[in-house]
Amino acid sequence: MKTKRIAVLASGRGSNFQAVIDAVARGEIPATCCGLVTDNPDAYAIERARTAGIPVYIVAYGSYPSKEAYETALRRVMEDLAADLYILAGYMRILGSGIVKLFHGRLINIHPALLPAFPGLHAQRQALSYGVRVSGCTVHFVDDQYDHGPIILQRTVPVLDGDTAETLAHRVFDAECEALPAALALIVAGRVHVEGRHVRIAGR
Ligand code: GRF
């Protein structure tokens, strides 16, 4: 069977990307990480890719005359990678509807809250200011609405008295590092099936 190819899109630190690299290296996701795509030439994720010998594709938003030109370049890079899965792991731009449509079913996002609660930026700050007792992370397929598509896995963490956005983010982050590789392993194993909004996981 052909080894599945996983491409990661990241804009910053890339710690979720690192979690994927490590899980692949440990053999927990039987796949290859075929490329890092970033919109940020200064992303630390680039270092992580180079250390792991993963090709880097920089599609810097600022070097294109328009959003359309940027999206066209990004789409080409993504198509050329011919990945089975494209993971948005801290990719800080909203993908255009053309890309979302083209890669439908192969685009996955990780969000640091229990969707549908607290979509968008500063999820941990939103969770704290709402006063929830439990938060966590969500791995989901991407659809045409932001932070919205069918949910593959969620992991919960407690919100503790005295938490700040940073302490909560740390706890959520540990959950993210576990949830994203786990979700990818299930998909690569062919155990994930989407029925409308629902994701069925075979053998559960
Ligand atoms: C993570 O919290 C992820 O859930 C969110 O952006 C953050 C990225 O962090 N989408 P990193 O770049 O993986 O370190």
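Everything discussed here concerns the structure shown above.
Only a predicted model underlies this, so the values are computations on that prediction, with no experimental measurement involved.

1. Here we look at helix 5 (residues 123-130)
And then number 1: Listing the buried residues of helix 5 in full gives A123, Q124 and A127. End-on, the buried residues of helix 5 take up no more than an arc of 100°, which puts them together on one face. Seen from the buried face of helix 5, the exposed residues on the opposite side, beyond 90 degrees, are R125 and S129.
And then number 2: The elements touched by buried residues of helix 5 are strand 5 (107-111), strand 6 (134-141) and helix 6 (165-188).
And then number 3: A positive phi of about 90° marks G131, the residue just after helix 5.

2. Details of the pattern of salt bridges
And then number 1: A complete count under the given rule lists seven salt bridges for this structure.
And then number 2: For E28, the salt bridge is made with R26, and the minimal N-O distance between the two is 2.7 Å.
And then number 3: On the basis of relative accessibility, which here comes to 42%, the residue E28 falls in the partly exposed class.
And then number 4: Since its relative accessible area comes to 54%, R26 is described here as exposed.
And then number 5: Linking D39 and R93 is a salt bridge whose minimum nitrogen-to-oxygen distance equals 2.9 Å. With D39 in the loop between strand 2 (31-38) and helix 2 (44-52) and R93 in the loop between strand 4 (85-88) and helix 4 (97-102), this pair connects stretches of sequence that are 54 residues apart.

3. Considering the sheet that holds strand 4
And then number 1: The seven strands are arranged 3-2-1-4-5-6-7 in an open sheet whose pairing can be described as mixed. Each edge of the open sheet is held by one strand with a lone partner, namely strand 3 (56-58) and strand 7 (151-158). If you compare each strand with its neighbour and ignore which way they point, the axes differ by 20° on average.
And then number 2: When strand 6 meets strand 7, the two strands line up antiparallel, connected through seven bridges. Each residue of the ladder has a partner; that of S135, found in strand 7, is V157.

What counts, and where the lines are drawn
Residues numbered from 1 in each chain as written. Predicted model: local features only at pLDDT ≥ 70, side-chain atom pairs only at ≥ 80, totals over all residues. Heavy atoms only, no water. Buried < 20%, exposed > 50% of the residue type's maximum accessible area, 1.4 Å probe, protein only. Helix = DSSP H or I, 4+ residues; strand = E, 2+ residues; numbered from the N terminus. Arc of directions from axis to C-beta. Contact = heavy atoms within 4.5 Å. Salt bridge = Lys/Arg side-chain N within 4 Å of Asp/Glu carboxyl O. Pairing = 2+ DSSP bridges. Axes fitted to C-alpha atoms, helices over the stretch in contact; angles between N-to-C directions.

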